[in-house]
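Here is how the chains run, residue by residue.
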Amino acid sequence: MDDLDRQARALRALAPSCGPVRLVAVDGHAGSGKSTFAARLAAALGDDDSDGAPVLHLDDLASHEELFDWTDRMLTQVIGPLSNGRTAHYHPYDWNLRRFGPPRPLEAAPVVLIEGVGAGRRVVRPFLARLLWMERSAEESWQRGRQRDGTELSAFWDDWTMAETRHFLADPSRPFAHALVRECREGYEWLQGPTATA
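This is a predicted model, so every value here is computed, not measured. (Residues numbered from 1 in each chain as written. Predicted model: local features only at pLDDT ≥ 70, side-chain atom pairs only at ≥ 80, totals over all residues. Heavy atoms only, no water.)

**Topic: helix α5 (residues 154-170)**
Each α-helix turn comprises 3.6 residues. Residues three or four places apart therefore point the same way.
1) Next: Across its 17 residues, α5 extends 25 Å between first and last C-alpha, which sits within 8% of the 24 Å expected from 1.5 Å per residue.
2) Next: Where α5 is concerned, the buried positions are Trp 157, Trp 160, Thr 161, Ala 163, Glu 164, His 167 and Phe 168. (Helix = DSSP H or I, 4+ residues; strand = E, 2+ residues; numbered from the N terminus. Expected span 1.5 Å × (residues − 1). Buried < 20%, exposed > 50% of the residue type's maximum accessible area, 1.4 Å probe, protein only.)

**Looking at unusual backbone geometry**
1) Next: If you check the backbone angles, Arg 98 has positive phi at about 60° while not being a glycine.
2) Next: Along the chain, Arg 98 turns up in the loop between β4 (93-94) and β5 (99-100).

**A short note on the pairing of strand β10 (residues 187-192)**
1) Next: With 6 bridges connecting them, strand β9 (residues 179-184) and β10 associate as antiparallel partners. Across the sheet, Cys 184 pairs through a bridge with Gly 187, a residue of β10.
2) Next: Between β9 and β10, which pair antiparallel one after the other, the connecting turn spans 2 residues. (Pairing = 2+ DSSP bridges.)

**Brief notes about the environment of Leu 11**
1) Next: Counting through the fold element by element, Leu 11 comes out in helix α1 (residues 4-12).
2) Next: Along the sequence, Leu 11 and Leu 45 sit 34 residues apart, while their C-alpha atoms lie 8.4 Å from each other.
3) Next: For Leu 11, the contacting residues outside a window of four places in its chain are Arg 22, Val 24, Leu 41, Leu 45, Val 111 and Arg 130. (Contact = heavy atoms within 4.5 Å.)

**Some details on the pattern of salt bridges**
1) Next: One pass over the structure, following the stated rule, counts 12 salt bridges.
2) Next: Arg 174 is the salt-bridge partner of Glu 135, the closest N and O atoms lying 2.7 Å from each other. Linking Glu 135 in the loop between β8 (128-134) and α4 (138-149) with Arg 174 in the loop between α5 and β9, this pair joins segments that are 39 residues apart in sequence.
3) Next: In this structure, Arg 136 and Glu 140 form a salt bridge, with 3.2 Å as the shortest nitrogen-oxygen distance.
4) Next: Beyond isolated ion pairs, a larger network of salt bridges with shared partners links Arg 121, Arg 122, Arg 125 and Asp 171. (Salt bridge = Lys/Arg side-chain N within 4 Å of Asp/Glu carboxyl O.)

**A short note on α1**
1) Next: Listed as buried for α1 are Leu 4, Gln 7, Ala 8 and Leu 11. In an axial view of α1, the angular spread of the buried residues amounts to 105°, which keeps them on one side of the axis.
2) Next: Turning to α1, the residues buried within the fold contact β1 (22-27), α2 (34-44), β7 (111-115), β8 and β10.
3) Next: A distance of 3.2 Å separates the backbone nitrogen of Asp 5 from a side-chain oxygen at the start of α1, and that oxygen is part of Asp 3. (Arc of directions from axis to C-beta. Polar contact = N/O pair within 3.5 Å; in protein donor to acceptor, adjacent residues only side chain to side chain.)

**Some details on the pairing of β9**
The two faces of the sheet receive side chains in turn, since in a regular strand these alternate between them.
1) Next: Bridge count for β8 against β9 is 3 bridges, and the pairing is parallel. Considered in β9, the bridge of Leu 132 is made with Ala 179.

**Points about the nonpolar core**
1) Next: Judged by nonpolar contacts, the single largest core of 36 residues is most densely connected at Leu 23, Trp 70, Met 74, Leu 82 and Leu 106.
2) Next: Among the secondary structure elements, those contributing two or more residues to this core are β1, α3 (71-83), β3 (88-90), β7, β8, α4 and α5.
3) Next: In this structure, Leu 82 is in contact with Cys 18, Gly 19, Pro 20, Val 21, Leu 23, Ala 88, Leu 106, Glu 107 and Ala 108, ignoring residues within four places of it in sequence. (Core = buried A, V, L, I, M, F, W, Y, C linked by side-chain atoms within 4.5 Å.)

**Concerning the packing of aromatic side chains**
1) Next: Considering all chains together, one arrives at 8 aromatic pairs under this definition.
2) Next: Between the aromatic rings of Trp 133 and Phe 168, the centroid separation amounts to 5.4 Å while the plane-to-plane angle is 75°, which identifies the pairing as edge-to-face. With Trp 133 in strand β8 and Phe 168 in helix α5, this pair connects stretches of sequence that are 35 residues apart.
3) Next: You can call Phe 168 buried: its relative accessible area is 11%.
4) Next: Linked through ring pairs, Phe 68, Tyr 93, Trp 95, Phe 100, Phe 156 and Trp 160 together constitute an aromatic cluster.
5) Next: Taking NZ or CZ as reference, Arg 121 lies 4.6 Å from the ring centre of Trp 70, over its face.
6) Next: Its end group placed over the ring of Phe 176, Arg 125 keeps NZ or CZ at 3.7 Å from the ring centre. (Phe/Tyr/Trp six-rings, centres within 6.5 Å; stacked < 30°, edge-to-face > 60°. Lys NZ or Arg CZ within 6 Å of the ring centre and 35° of its normal.)

It is worth stressing that arrangement in space is one thing and function is another; only the former is reported here.
Here it is in structure tokens:
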């Protein structure tokens, strides 16, 4: 079993992948535990000068109308500035008001995490230092997500699971993962991903 501190040190030691930034994606099915894992990894990436690595949640770039059509926003609002060593400013989507809000900064830190379904998609991969995949089946992940969100979002989940299935059929992430991360009772187990074993 690998501890997050050791993995964080390994990530910090990687060569920059997006300008001066080591961009690390945490991908997996909705409900697989990406947000919780990313928060813990971000904390482990902190040092004496910071509280942790910045995290971009893809829920902030997606919208009701564009569940997966957020790549233009990713490239222009996030990748472009970070690749030039500048703080990015993206407009987070408000899922209740159904509109994009005022800009939010994303620092060009040594390591920046991108968390969400499709974080390791084809257009983003050239800018990634590492792609991590949460190793939990779609069915188990979706069941966890539905239980978390309650029955009032069941119609949204019906639409989401179809959209996610279409996305990963057309643009899979798992085959390109450097590591598969499995949640365990004691923490997280890191397994070599398909890219690392190829």
